[in-house]
Amino acid sequence: MIPQQKNSQESVKIASEAAPPEPRDVFSFPEGFLWGVANSHFQVEGHPGEITNRLSDWAMWTTLDGKILDRSTADRACEFFKRYQEDIELAQKLNMNSFRISINWPAMCPEPGHEYRKDDPTLLVYKEMLILLKERGFKTFLTLFHFCLPNWLAEIGGWNNERTLDEFERFAKFIAEELGEYVDFWLTINEPLAYVYQGYIAGTWPPGYNMNYLKGFECVRNLLIGHQRAHKVIHDVCPEAKVSVTHHWMKFTPRNKFNPMDRLVCHMRDGIFNHSFMRALHTGELTFPLISLIDHRVRKLTCKIPGLKDTLDFIGVNYYTRQFCEFECKWPLEFFGAKSNMVENETSGLGWESYPEGLYDLLVHELRPYRTDHKGALREIYITENGHAGIFEADLVEGDWSLEDHGRVRYLKSHLLSLYKAITRGANVKGYLHWSLTDNFEWAEGLRARFGLVRVSYPTLERTMRKSAKVYAEIAAHNGIVNHPPEQRQ
Ligand code: IFM
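Just so we're clear, the structure is a prediction, and the values are computed from it rather than from any experiment.

### A word on the overall build of the protein chain
Okay, so step 1: Assigned secondary structure in the protein chain consists of 16 helices and 17 strands.
Okay, so step 2: Relative to the globule expectation of 23 Å for 490 residues, the C-alpha radius of gyration of the protein chain, 22 Å, shows essentially globular dimensions.
Okay, so step 3: Structurally, the protein chain occupies a C-alpha span of about 65 × 60 × 50 Å along its principal axes.
Okay, so step 4: The buried share among the 490 residues of the protein chain stands at 60%.

Given below as structure tokens:
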């Protein structure tokens, strides 16, 4: 029986206070390594104005029938907008030294023609939040677009309308002017290809298109232009700024490695999902794998984007899982490829396979083309997300449920060991930010898919540390993994 934790802040035995471990089996990370946590506004915030007025496409989407698996909404989520001080304190207790947040564009630009104001109450909350983080010694990562559009822009076509590009640039400039001094790392766009896949191909997120490759690829191009314009204005305001994107990488493996068609699908998925955006940020040119160019309309979208080359000041990696790929004979061709249900290792509550070797492979091999910019400067790499979900219904309140999260502990340690190994082979990784500090609203999966090191009881909003939080705190305190016994599978 695990004693019930009334006050999570009292309950953690912080590693730095514990007796020093034996100096064997130490996997030490480089000095100054960043240990952090990441979240995004819509998933945690419960911004009152956004919710009351349904200001974002996601606030609208959650009201539509059948869009969210457990029928939950993010209307309250974790109330991070009100309780961020408590969560920053939790992160500090976990020995974190970096924190990634995103900023609520829809709440700050609620209607067409809106003039940004320095005394906007939402802006002031972010300013206080960032100041608090800086006072507590955190390095800050700020995402500008994390899947949520102002609803009025979504209604006129979102990223497929050039108006969105102008508005995004205006927003980025304002944020750079008002918050630039408190931001260490800028992330213009979160997971562009995950956004396009879910919103234009799978249809599970707004804008809700199904298999609309053309609109999807057009969106990819416009996200690149949006990034380029934001990169420029941020640098105009803050010349020393470090600006990048967070890119979701997936390891793709052919279901049957002797089947040339499975291998082809795998090549396509890898080329589009993993490399099309990254290559464009590096070279300035958007291209797709050869076979997708049989469609002349896709061919038309391949282009040089002025000013885009080398707008990758560092590399932001989100890595979670691997997928097997198999060929399916159908029309239109699946440019993103069909995924197979096959797995070979332990899976999370969402069915995502734990495959830490994929992280090693990515850092040591896949990222090789992007390691240096065209002037030869080595790019720093930050793991901006990595995490594991357990499934627990949103209305659970008290009790032991989910606190002994051995699956997450195994996931965390095995991925950190892979990361350690990649660093020893020369990968220039400077930090790791876990997704996520607290449970939060997992998009179409709703509140029941829980990614938190810290559990949130949604009915009471009480925060309680999980086992993984304590393990992670210890790793951060030692700047490495010390004497780690293999975590038992249960
Ligand atoms: O919750 C998401 C996050 O918003 C983007 N990256 C993946 C996470 C887990 O699915």
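From this point on, the discussion continues.
### Here we look at the packing of aromatic side chains
Okay, so step 1: Overall, the coordinates contain 45 aromatic pairs when judged by the stated rule.
Okay, so step 2: Here the aromatic rings of F42 and W443 are separated by 5.9 Å at their centres, their planes lie at 10 degrees, and the arrangement is stacked. With F42 in helix α2 (residues 41-44) and W443 in the loop between β13 (429-435) and β14 (449-450), this pair connects stretches of sequence that are 401 residues apart. Residue F42 shares its accessibility class with W443, and that shared class is buried.
Okay, so step 3: Over the face of the ring belonging to Y355 we find R322, whose NZ or CZ atom lies 3.8 Å from the ring centre.
Okay, so step 4: A cation sits over an aromatic face here: K421 above Y360, 4.6 Å from the ring centre.

### Looking at helix α15 (residues 406-424)
Okay, so step 1: When the terminal C-alpha atoms of α15 are compared, their 27 Å separation across 19 residues agrees well with the 27 Å that a helix rising 1.5 Å per residue should span.
Okay, so step 2: Taking burial as the measure, the 19 residues of α15 include 14 buried ones, the bulk of the element.
Okay, so step 3: Where α15 terminates, the next one or two residues include G426, which has phi positive at roughly 100 degrees.

### Considering the side chain of R322
Okay, so step 1: Positionally, R322 belongs in strand β9 (residues 315-326).
Okay, so step 2: A polar atom in the side chain of R322 sits 2.8 Å from the side chain of E344.
Okay, so step 3: Within the local environment of R322, its side chain forms a polar contact with the side chain of E353, the two groups lying 2.7 Å apart.
Okay, so step 4: In contact with R322, not counting residues within four places along its chain, are K251, T253, E344, N345, E353 and Y355.

Cut-offs and rules
Residues numbered from 1 in each chain as written. Predicted model: local features only at pLDDT ≥ 70, side-chain atom pairs only at ≥ 80, totals over all residues. Heavy atoms only, no water. Helix = DSSP H or I, 4+ residues; strand = E, 2+ residues; numbered from the N terminus. Rg over C-alpha atoms; globule rule 2.2 N^0.38 Å. Buried < 20%, exposed > 50% of the residue type's maximum accessible area, 1.4 Å probe, protein only. Phe/Tyr/Trp six-rings, centres within 6.5 Å; stacked < 30°, edge-to-face > 60°. Lys NZ or Arg CZ within 6 Å of the ring centre and 35° of its normal. Expected span 1.5 Å × (residues − 1). Polar contact = N/O pair within 3.5 Å; in protein donor to acceptor, adjacent residues only side chain to side chain. Contact = heavy atoms within 4.5 Å.

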